[in-house]
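Residue-level structural notes
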Amino acid sequence: NKVNIYNTSYGVFNIDAQGLTGYNWSGFTLPIYVPKILKDEVYTLGFKYKIRRQLDHEFCVVIKNHSKNKTILQKTIANPETPVRNEWIDFQGTFKMTEDLDFDQVGHFPIYFYLVKNGWVEVKEPMLVRGPRTGNFKPSQFDEAYKQTKEAKELAESAQTRAIQVAEKAEETKKTVEATR
């Protein structure tokens, strides 16, 4: 019995389960960068996937608040009849909210991809958008904002370090000038 869940350096998430004799629900969770989704709004979850080894049960995705055990989307993506293919397949699941739902801010992330039993799947470019369909994938604005914030912090720290070095050098020079008088 072996389950490997990992992602690659090029952004592909893998669930690889083999030799399991019972149900396992092996998978991974991903965050949503909004704290809640709203009643009467339409949302679409989109991603691409590959079936890399034959499934003996289902490959599913669910969006839920885990602490409240409240599911808002549950979809079977593939089953044992789904052929193994070395090409990306687009998935889009659209749903309308019947109530407001807050997401856990600590602990479990709300999007959960899993295999019920054995198989190997790859998932890439997951996104949740408000509206009836997703567009082209682009990295999260929050990923870019984080990167820019980190770069700005590093520049500020570097400038502060340099300012301290200049001040120390000026103080040294002042002491040298005073000592030679």
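What counts, and where the lines are drawn
- Residues numbered from 1 in each chain as written.
- Predicted model: local features only at pLDDT ≥ 70, side-chain atom pairs only at ≥ 80, totals over all residues.
- Heavy atoms only, no water.
- Helix = DSSP H or I, 4+ residues; strand = E, 2+ residues; numbered from the N terminus.
- Buried < 20%, exposed > 50% of the residue type's maximum accessible area, 1.4 Å probe, protein only.
- Contact = heavy atoms within 4.5 Å.
- Pairing = 2+ DSSP bridges.
- pLDDT = per-residue confidence, 0-100.
- Axes fitted to C-alpha atoms, helices over the stretch in contact; angles between N-to-C directions.
- Salt bridge = Lys/Arg side-chain N within 4 Å of Asp/Glu carboxyl O.
- Core = buried A, V, L, I, M, F, W, Y, C linked by side-chain atoms within 4.5 Å.
- Phe/Tyr/Trp six-rings, centres within 6.5 Å; stacked < 30°, edge-to-face > 60°.
- Lys NZ or Arg CZ within 6 Å of the ring centre and 35° of its normal.

**What about the overall build of the protein?**
A count of helical and extended segments in the protein gives one helix and eleven strands. Across the protein, helices and strands are ordered from the amino to the carboxyl terminus as β-β-β-β-β-β-β-β-β-β-β-α. Each of the 181 residues in the protein was classed as buried or not, and the buried ones make up 34%. Long-range pairs, those at least 24 residues apart, make up 77% of the contacts in the protein between residues at least 6 apart in sequence.

**Here we look at the pairing of strand β7 (residues 70-78)**
Where strand β6 (residues 59-65) meets β7, seven bridges bridge the pair, whose relative direction is antiparallel. The residue bridging I63 from the neighbouring strand is L73, located in β7. If you look at the hairpin formed by β6 and β7, you'll find four residues sitting between the two strands, and N69 has a positive phi there, around 50°.

**Re the confidence of the model for the protein**
When pLDDT is averaged along the protein, the result is 81, and 79% of the positions lie at 70 or above. Confidence scores differ between elements of the protein, with helix α1 (residues 141-179) showing the lowest mean pLDDT of 62 and strand β2 (residues 12-18) the highest of 94.

**Comments concerning the sheet that holds strand β3 (residues 26-30)**
Judged by pairing direction, the sheet is antiparallel, and its four strands sit side by side in the order β3-β10-β6-β7 without closing on themselves. If you trace the sheet from one side to the other, it starts and ends with β3 and β7, each paired once. For this sheet the average axis-to-axis angle between neighbouring strands, irrespective of direction, equals 20°.

**Considering the pattern of salt bridges**
Overall, the coordinates contain six salt bridges when judged by the stated rule. A salt bridge links E125 to K48; the nearest nitrogen and oxygen atoms lie 3.4 Å apart. Residue E125 is found in strand β11 (residues 119-130), and its partner K48 is found in strand β5 (residues 42-53); the two are separated by 77 residues along the sequence.

**Some words on the sheet that holds β2**
Spatially, the five strands line up as an open sheet ordered β1-β2-β11-β5-β8, and their pairing is antiparallel. Edge positions in the sheet fall to β1 (2-7) and β8 (89-96), since each has one partner strand and no second. Taking each pair of neighbouring strands and ignoring which way they run, the sheet shows an average axis angle of 20°. The sheet contact formed by β5 and β11 spans nine bridges and is antiparallel. Residue pairing across strands places R53 opposite W120, the latter belonging to β11.

**A few points about the nonpolar core**
Ranked by internal contacts, the top residues of the largest apolar core, which has 32 residues, are F47, Y49, F59, I63 and F113. Elements represented by at least two residues in this core include exactly β2, β3, β5, β6, β7, β8, β10 (111-115) and β11. Contacts of Y49, omitting those with residues within four sequence positions, involve F59, I77, E87, W88, I89, F91, E122 and V123. Residues V62, Y112, Y114 and V116 belong to the second largest nonpolar core, which totals five residues.

**Overview of the packing of aromatic side chains**
Here the structure, examined in full by the defined rule, presents nine aromatic pairs. Between F13 and F28 the ring centres are 5.0 Å apart and the planes differ by 15°, which places this aromatic pair in the stacked class. One end of the pair, F13, is in strand β2; the other, F28, is in strand β3, and 15 residues separate them in sequence. Judged by relative accessible area, which is 8%, F28 ranks as buried. Counting every residue linked through ring pairs, the aromatic cluster contains F13, F28, F47, Y49, F59, F91 and F113. Directly above the ring of W120 sits R52, whose terminal nitrogen or CZ lies 4.9 Å from the centroid.

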